[in-house]
Amino acid sequence: MANKSKFIDYIDGALEKSKETALSHLFFTYQGIPYPITMCTSETFQALDTFEARSDDIVLASYPKCGSNWILHIISELIFADSKKKYEYPEFPVLECGDPEKYQRMKQFPSPRILATHLHYDKLPGSIFKNKAKILVIFRNPKDTAVSFFHFHNDVPDIPSYGSWDEFFRHFMKGQVSWGSYFDFAINWNKHLDDENVKFVLYEDLKENLAAGIKQITEFFGFCLTGEQIQTISARSTFQAMRAKSQETHGAVGPFLFRKGEVGDWKNLFNETQNQEMDEKFKECLAGTSLGGKLKYESYCQA
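For every chain, the first residue of the written sequence is number 1, and numbering continues from 1 onward in sequence order. Predicted model: local features are reported for residues with pLDDT of at least 70 only, side-chain atom pairs are reported and counted for 80 or more only, and whole-chain, interface and lining totals are derived from all residues. No hydrogens and no water enter the side-chain calculation; it runs on all heavy atoms of the structure.

Here strand β1 (residues 27-30) shows one buried face, formed by Phe28 and Tyr30, and one open face, formed by Phe27 and Thr29. Note on pairing: two strands pair once DSSP finds at least 2 bridges between them. Every helix listed is a DSSP run of H or I at least four residues long, and every strand listed is a run of E at least two residues long, numbered separately from the N terminus. Two elements, β1 and strand β2 (residues 33-36), share four bridges in a ladder whose sense is antiparallel. Bridging from a neighbouring strand, phenylalanine 28 pairs with tyrosine 35 of β2. Between β1 and β2, which pair antiparallel in sequence order, lie two residues; one of them, glutamine 31, sits at a positive phi of approximately 50°. Whether a residue is buried, partly exposed or exposed follows from its accessible area with a 1.4 Å probe, protein chains only, as a fraction of its type maximum: under 20%, in between, or over 50%, in that order.

Next comes the structure, spelled out in structure tokens:
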């Protein structure tokens, strides 16, 4: 468990920094996008440009609060089932978080390395594309994403809170939150969803049929697993199973990372005006696009 404590240490350190950070001072902007000063630095971003990806790196891309911790768990289970080696997290797995020396240390890590990221497609280091690493992109409907993001800010004891849901919603719609606008992220990734090395997964589909989703992920990354192994991993990867172990896996922040995981929780917070505003924004940014169709917006975001 020494490796996991490194993961937890990093989160604890970020929370410690958050304690003395006011919401208005939480962000710094790098190349036009706000990032949390508690987790990222511009020096790290500069160092990231020189990061050398490998062709067998496993890249997991998502906007925050779209299921990245869930997918990380599933991938480490797949690696374990495939290679009988427990996946070690010698570094915090989010590529752009940490100190600038991290990328030097990562050169020593055995393959496959898991690289989670919340970066827009065009902000990723070029070596990922040059070396044709496979990228799994996880999306979740924007209304539930916003609500989950709000609860994360306002439930975790040390993270700066918003005065109200209405205040958070305004910031979210303007992209004034960590990692910027959901819609900019979506527009950026939309152009690449059909690229050869990219695979799209929808959070809601995983909720509906986890085993089927895990089977697709297994095939995409070329793991050799039996149907029985997929069922076992699926049982260990339900939201409930992960929540039950979250303190052990993610430390104090665990129960907040795995809060509800429900589809449709947005109905508890959105008012009519906010609904219309987001529906308009969705139309303007994603209507008629490949991603727009894949998000099944009518099913998940219209009351």
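Attention shifts here to the pattern of salt bridges. One side-chain nitrogen of Lys or Arg within 4 Å of one carboxyl oxygen of Asp or Glu is enough to make a salt bridge. By the definition in use, this model includes nine salt bridges. One connected set of salt bridges, linked through shared partners, spans Glu91, Asp99 and Arg105.

Here we come to the packing of aromatic side chains. Stacked, edge-to-face and tilted labels apply to pairs of Phe, Tyr and Trp rings (six-membered ring for Trp) whose centres lie within 6.5 Å, assigned for plane angles under 30 degrees, over 60, and everything in between, in that order. On inspection of all chains with the given rule, the structure shows 32 aromatic pairs. Note on phenylalanine 149 and phenylalanine 168: the rings are 5.8 Å apart at their centroids and 55° apart in plane angle, and the pair reads as tilted. Placement of the pair is phenylalanine 149 in helix α6 (residues 142-155) and phenylalanine 168 in helix α7 (residues 165-174), with a sequence separation of 19 residues. The exposure classification of phenylalanine 149 matches that of phenylalanine 168, with both residues buried.

Note on geometry: axes are C-alpha line fits, over the in-contact stretch for helices, and angles between N-to-C directions span 0 to 180 degrees. Two numbers describe how helix α10 (residues 210-221) lies on helix α11 (residues 227-236): the axes approach to 9 Å, and their chain directions differ by 120°. Viewed along their axes, α10 and α11 adopt a mutual orientation that is oblique. When you trace α10 past α11, the crossing you get is right-handed. Residues Leu210, Ala211, Ile214, Lys215 and Thr218 of α10 touch α11, and the partners they reach there are Ile230, Gln231, Ile233 and Ser234. Should an angle fall under 35 degrees it is called roughly parallel, over 145 degrees roughly antiparallel, and 65 to 115 degrees roughly perpendicular, with every other angle called oblique. By the definition used in this description, the sense in which the near helix is turned from the far one sets the handedness, with an anticlockwise turn below a right angle giving left-handed and a clockwise turn giving right-handed. Residues count as neighbours in contact if any of their non-hydrogen atoms are within 4.5 Å of one another.

The next point concerns unusual backbone geometry. Of the consecutive residues serine 111 and proline 112, the connecting peptide bond is found in the cis state with omega at -5°. Counting through the fold element by element, proline 112 comes out in the loop between α4 (102-106) and β4 (114-117). With phi around 50°, lysine 296 is a residue other than glycine that occupies positive phi space. Its place among the elements puts lysine 296 in the loop between α16 (290-294) and α17 (297-301).

Okay, the side chain of glutamate 77 next. Here glutamate 77 is to be found in helix α3 (residues 68-83). Judged by relative accessible area, glutamate 77 falls into the buried class, the value being 13%. Setting aside residues no more than four positions away along its own chain, glutamate 77 makes contact with Ile233, Arg236 and Ser237.

On to the environment of glycine 67, then. Along the chain, the position of glycine 67 falls in the loop between β3 (58-62) and α3. Spatially, the C-alpha atoms of glycine 67 and isoleucine 138 are 7.1 Å apart, while their sequence positions differ by 71 residues.

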